[in-house]
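# Breakdown of the fold
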Amino acid sequence: MSIRINDVAPDFTAETTQGTIHFHEWIGDNWAVLFSHPKDFTPVCTTELGAVGALEKQFAARGAKVIGLSVDPVENHGKWAKDIEEVTGSAVNFPVIGDPELKIAKLYDMLPGDAGDTCEGRTPADNATVRMVFVIGPDKKVKLTLTYPASTGRNVDEILRVLDSLQLTADYKVATPVNWKDGQDVIIVPAVSDDEAKDRFPKGWKAVKPYLRVTPQPNR
């Protein structure tokens, strides 16, 4: 079954580079970002994990915990982490899940049910669909999913941008327009009447169209 936005993120227990975790318990009252990878010692993923490591404090400043997943044993992750730090200059201080039996990859519909039950003998091409990002809220519901091809590295700055938008729009009745960045104007959602908007948005708004009302970011 595919995982859709607003579905409860499947819970699981797994071994990681930082010990055993129970996923929902590990998330706690935080936001969580799960990055999955098809295999250890792959070139694009090496650069990605280094980039996440470099920006981990920025995720933490947003109340978000980061966790990786790779379809290989945990002991391999530790060896790979040395390469990542050597190549990128950034340490992997966040946990990385080991999924050698493909259980979590299947649970999150990143691999089909008939993919087998071991990572042994599988190539990165066999696991190409295990290149996803899940952003999960404190309510344990999926807020965003992204799937990338093996040839295209993920944009970590974009994940931070989306996280800013998700957190803002969870607290206020607004949406963020195309290419929005934190601090820029936002859109009042159509469900808010003009009368309600006067109370919610005391800085006022510009009505570009009756259905498109632009207002300064409310938490600034």
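Look a little higher up for the structure.
Residues numbered from 1 in each chain as written. Predicted model: local features only at pLDDT ≥ 70, side-chain atom pairs only at ≥ 80, totals over all residues. Heavy atoms only, no water.

## Points about the sheet that holds strand β8 (residues 174–175)
- Pairing is antiparallel in the open sheet, where four strands are placed in the order β8-β9-β11-β10. Where the open sheet ends on each side, the last strands, each with one partner, are β8 and β10 (206–209).
- Judged from the two bridges that link them, β8 and strand β9 (residues 186–188) form a sheet pairing that is antiparallel. Pairing of valine 174 across the sheet is with isoleucine 188, part of β9. (Pairing = 2+ DSSP bridges. Helix = DSSP H or I, 4+ residues; strand = E, 2+ residues; numbered from the N terminus.)

## Quick look at the environment of aspartate 171
- Its place among the elements puts aspartate 171 in helix α6 (residues 156–171).
- Distance in space between the C-alpha atoms of aspartate 171 and alanine 51 is 28 Å, their sequence separation being 120 residues.

## Some points on the pairing of β10
- With three bridges joining them, β10 and strand β11 (residues 212–215) adopt antiparallel strand pairing. The residue bridging lysine 209 from the neighbouring strand is leucine 212, located in β11.
- Following β10, the chain reverses through two residues before pairing antiparallel with β11.

## Points about unusual backbone geometry
- Look at asparagine 6: it is not a glycine, yet its phi comes out positive at around 80 degrees.
- Position of asparagine 6 relative to the elements: it lies in the segment before β1 (13–16).

## Section: the pattern of salt bridges
- Applying the stated criterion across every chain yields a total of twelve salt bridges.
- In this structure, glutamate 101 engages lysine 103 in a salt bridge whose closest nitrogen and oxygen atoms are separated by 3.0 Å.
- Residue glutamate 101 is classed as partly exposed on the basis of its relative accessible area of 41%.
- Between arginine 161 and glutamate 158 there is a salt bridge, and its shortest N-O distance comes to 2.7 Å. Here arginine 161 and its partner glutamate 158 are both found in helix α6, three residues apart, which amounts to about one turn of the helix.
- By relative accessible area, which is 24% here, arginine 161 ends up partly exposed.
- What you see here is one network of salt bridges that share partners, running through Glu48, Arg131 and Arg154. (Salt bridge = Lys/Arg side-chain N within 4 Å of Asp/Glu carboxyl O. Buried < 20%, exposed > 50% of the residue type's maximum accessible area, 1.4 Å probe, protein only.)

## A look at the nonpolar core
- Of all hydrophobic cores here, the largest spans 27 residues; its most connected members are Phe12, Phe23, Ile97, Tyr108, Phe134 and Ile136.
- For isoleucine 97, the residues in contact, after removing those within four places along its chain, are Phe12, Ala14, Glu15, Thr16, Leu34, Ile67, Gly68, Leu69, Ser70, His77 and Ile104. (Core = buried A, V, L, I, M, F, W, Y, C linked by side-chain atoms within 4.5 Å. Contact = heavy atoms within 4.5 Å.)

## Examining α6
- Helix length check: α6, at 16 residues, gives a terminal C-alpha distance of 23 Å against a target of 22 Å (1.5 Å per residue), a fit within 8%.
- Every buried residue of α6 is accounted for by Val156, Ile159, Leu160, Val162, Leu163, Asp164, Ser165, Leu166, Gln167 and Leu168. (Expected span 1.5 Å × (residues − 1).)

## Digging into the packing of aromatic side chains
- All told, the structure shown has six aromatic pairs when counted by the stated rule.
- With 6.1 Å between their ring centres and 80 degrees between their planes, phenylalanine 12 and tyrosine 108 make a pair best called edge-to-face. In this pair, phenylalanine 12 sits in the segment before β1 while tyrosine 108 sits in the loop between α5 (103–107) and β6 (132–136), placing the two residues 96 residues apart along the sequence. Across this residue pair, the class does not change: phenylalanine 12 and tyrosine 108 are buried. (Phe/Tyr/Trp six-rings, centres within 6.5 Å; stacked < 30°, edge-to-face > 60°.)

## Description of the environment of leucine 160
- Checked against the element boundaries, leucine 160 lands in helix α6.
- Here leucine 160 falls in the buried class, since its relative accessible area comes to 4%.
- Contact partners of leucine 160, with chain neighbours within four places excluded, come to Leu55, Gln58, Phe59 and Arg62.

## A short note on the pairing of β6
- With five of five residues buried, β6 lies mostly within the body of the structure.
- In β6, alternate side chains face the same way, and those of Met132, Phe134 and Ile136 on one face and Val133 and Val135 on the other are all buried.
- Relative to β6, strand β3 (residues 31–37) is paired through four bridges, and the arrangement is antiparallel. The residue of β6 that forms the bridge with valine 33 is valine 135.
- The pairing of β6 with strand β7 (residues 142–147) spans five bridges and is classified as antiparallel. Residue pairing in the sheet places methionine 132 in a bridge with threonine 147 of β7.

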